[in-house]
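Descriptive structure summary
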Amino acid sequence: MTKIFDEDMSAAFGTRAIHAGQRPDPLSGAIMTPIYQTSTYVQEALGVNKGYEYARGRNPTREALERNVAALEGAKYGFAFSSGMGCLDSIMKLFRSGDHFVVGENVYGGTYRLFDKILRNYGMTFSYVDTRDPQLIADACTSATAAIIIETPTNPLMRLTDIQAAADIAHSHKALLIVDNTFASPYLQQPFTLGADIVWHSSTKYLNGHSDMIGGIALVDDDDLAARVQFILNASGAVPGPMDAWLVLRGTKTLHLRMERHDSNGREIAAWLASRMGEDKVFYPGLASHPQHALAVKQMKGFGGMISVETGSREAAARMLGRVHVFSLAESLGGVESLINHPAEMTHASVEPARRAELGITEGLVRLSCGVEDVGDLIADLDQALA
Ligand SMILES: *Cc1c(COP(=O)(O)O)cnc(C)c1O
């Protein structure tokens, strides 16, 4: 089970991003953690080994990543997985048939699909509520509620949940608070300081930041809970290969630098879009016109690079998507390059049309993942696309 090195919590965020969890390689002094591309470890004698027996259970490259991200989130333990969905699937194996969950109605489409199409068949029940209102979360809890599962900000409408309020409600029901922190990253939001019990990420996105692998990671602070997650990780086996773990570890070294730029580009582009299209057409928690701007200021250090805009119709959306040159039409987010997509037909295509309409994911909605290019070029690109 990968626990952070205790001294790794003493430095500030940027120093931790670069150094936490990593030690010069004992064989050569290599400053970069080697990619331990191995399935097994030779044992000295029967029952005598260096703590590594088989790579599903432990791999030193993966452990460096787990320590690094745990230190960034301010948790004791990290567990890396082969994808964000593999990570959530393993987290859900902490629970059992009969358990009830209160879930944000606006969570990632794949999260909803896992719950609605798979886990429901195993006797788990889910109530989807508008978690912007803590009272609705509290009202949905029952004596069987085992966890409250939120994502903030949400995809693609950038709605927020008060993490501290959700944690208080969960704990008053002896339930866990599970937070998907993918959109904000640990640089902009620290759910453990607000009472979360498990934080997880699609490391495919901001943690990696370079759009070159798929992965997930769960962070846990409680010793007993961590032991249970480690057991599931090894028993279910949705682990990442060492090369992918290494790519995320390379990514997190610049997380603080990238997030600063995603955030400043996001703020400038959102302000420009609001003046161009009208404040009510732009969904970005950094805008003073966002209905939850005060909460964003309270629980986030910045607002990031994710923005959605309402163009008014599928035709207008298609025109914008067809004209961009610097933004690329693609699913995913959080990389250094700017991406643009159409949630209704791309990221949220698996959500039934009636439910999409209820959630406000219209045919005219376009989502931007602002990268770290020069902001003038990004605005010029959107300007000609909207002309
Ligand atoms: C992408 C994403 C996931 C799923 O992660 P994968 O790595 O694609 O399996 C989960 N939550 C959010 C918010 C995401 O953006």
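These lines cover the structure that appears in this document, whether it is placed above or below. Just so we're clear, the structure is a prediction, and the values are computed from it rather than from any experiment.

Section: the nonpolar core
Within the largest apolar cluster, 80 residues are counted, with the highest numbers of intra-cluster contacts made by Leu 177, Ile 269, Leu 273, Ile 307 and Leu 368. With 8 residues, helix α10 (residues 255-277) is the largest single contributor of residues to this core. Sequence-distant contacts of Leu 177, that is, excluding residues within four places in its chain, are made with Ile 148, Ile 150, Ile 163, Ala 166, Ala 167, Ala 170, Ala 196, Asp 197 and Ile 198. In terms of nonpolar packing, the next biggest core, distinct from the first, is built from 32 residues, Val 103, Met 124, Phe 126 and Ala 146 among them.

Points about helix α2 (residues 60-73)
For α2, with 14 residues, the first-to-last C-alpha span of 20 Å sits near the 20 Å given by 1.5 Å per residue. Counting buried positions along α2 yields 14 of 14 residues, so the element is predominantly enclosed. Between the side-chain oxygen at the start of α2 and the backbone nitrogen of Thr 61 there is a gap of 2.8 Å, and the oxygen is on Asn 59. Trailing α2 by a residue or two, Gly 74 shows a phi angle of about 75°, which is positive.

Some points on the pattern of salt bridges
Here the structure, examined in full by the defined rule, presents 18 salt bridges. Residue Asp 116 pairs with Arg 120 through a salt bridge whose shortest N-O separation is 3.1 Å. By relative accessible area, which is 48% here, Arg 120 ends up partly exposed. Across the pair Arg 132 and Asp 130 runs a salt bridge, and its minimum N-O distance is 2.8 Å. Under the relative-accessibility criterion, Arg 132 is labelled partly exposed at 36%. Residues joined in a network through salt bridges with shared partners are Asp 116, Lys 117, Arg 120 and Glu 352.

Some thoughts on the site of the ligand
Neighbouring residues of the ligand: 15 residues in total, closest Gly 84, Asp 180, Ser 202, Thr 204 and Lys 205. Contact distances for the ligand include 2.9 Å between an oxygen atom and a backbone N or O atom of Met 85. Protein contact buries 92% of the 380 Å² of open area that the ligand shows by itself. Looking at the shell around the ligand, the elements with two or more residues in it are α3 (84-92) and β6 (198-202). A class-by-class count of the residues in the shell around the ligand yields 6 nonpolar, 6 polar and 3 charged.

Focus on the sheet that holds strand β4 (residues 145-151)
Pairing within the open sheet is mixed, and its 7 strands lie in the order β1-β7-β6-β5-β4-β2-β3. This sheet does not close on itself; its edge strands, each paired only once, are β1 (77-81) and β3 (125-129). The mean angle between the axes of side-by-side strands here comes to 20°, regardless of whether they run parallel or antiparallel. Bridge count for strand β2 (residues 100-104) against β3 is 5 bridges, and the pairing is parallel. Note on β3: the bridge partner recorded for Val 102 is Ser 127. Helix-sheet contacts for α3 involve β1, β2, β3, β4, β5 (176-180), β6 and β7 (216-220), and the interaxial angle to β6 is about 155°. Contacts from helix α6 (residues 163-172) reach β4 and β5 within the one sheet, and its direction differs from that of β5 by about 150°.

Quick word on unusual backbone geometry
Negative phi characterises most residues that are not glycine, and trans characterises most peptide bonds. In this structure, the amide linkage connecting Thr 152 to the following residue, Pro 153, adopts the cis form with an omega of -5°. Residue placement: Pro 153 occurs in the loop between β4 and α6. Omega for the peptide link from Asn 155 to Pro 156 comes to 0°, which places this bond in the cis form. Tracing the backbone shows Pro 156 in the loop between β4 and α6. A positive phi angle, close to 55°, is found at Lys 174, a residue other than glycine. Tracing the chain through its elements places Lys 174 in the loop between α6 and β5.

A few points about the environment of Arg 62
Take Arg 62: it is sitting in helix α2. Sequence spacing of Arg 62 and Gly 278 is 216 residues, and the spatial spacing of their C-alpha atoms is 46 Å. Each residue touching Arg 62, except ones within four places of it in the same chain, is listed here: Ala 55, Arg 56, Gly 57, Ala 80, Leu 233, Val 239, Pro 240 and Ala 245. A polar contact of 3.0 Å, which involves the side chain of Arg 62, links it to the backbone oxygen of Ala 55.

The rules behind the values
- Residues numbered from 1 in each chain as written.
- Predicted model: local features only at pLDDT ≥ 70, side-chain atom pairs only at ≥ 80, totals over all residues.
- Heavy atoms only, no water.
- Core = buried A, V, L, I, M, F, W, Y, C linked by side-chain atoms within 4.5 Å.
- Buried < 20%, exposed > 50% of the residue type's maximum accessible area, 1.4 Å probe, protein only.
- Helix = DSSP H or I, 4+ residues; strand = E, 2+ residues; numbered from the N terminus.
- Contact = heavy atoms within 4.5 Å.
- Expected span 1.5 Å × (residues − 1).
- Polar contact = N/O pair within 3.5 Å; in protein donor to acceptor, adjacent residues only side chain to side chain.
- Salt bridge = Lys/Arg side-chain N within 4 Å of Asp/Glu carboxyl O.
- Near = heavy atom within 4 Å.
- Areas by Shrake-Rupley, 256 points an atom, 1.4 Å probe, with all protein chains shown as cover.
- Nonpolar A, V, L, I, M, F, W, Y, C, P; charged D, E, K, R; others polar.
- Pairing = 2+ DSSP bridges.
- Axes fitted to C-alpha atoms, helices over the stretch in contact; angles between N-to-C directions.

Interpretation in functional terms is not warranted from these geometric data alone.
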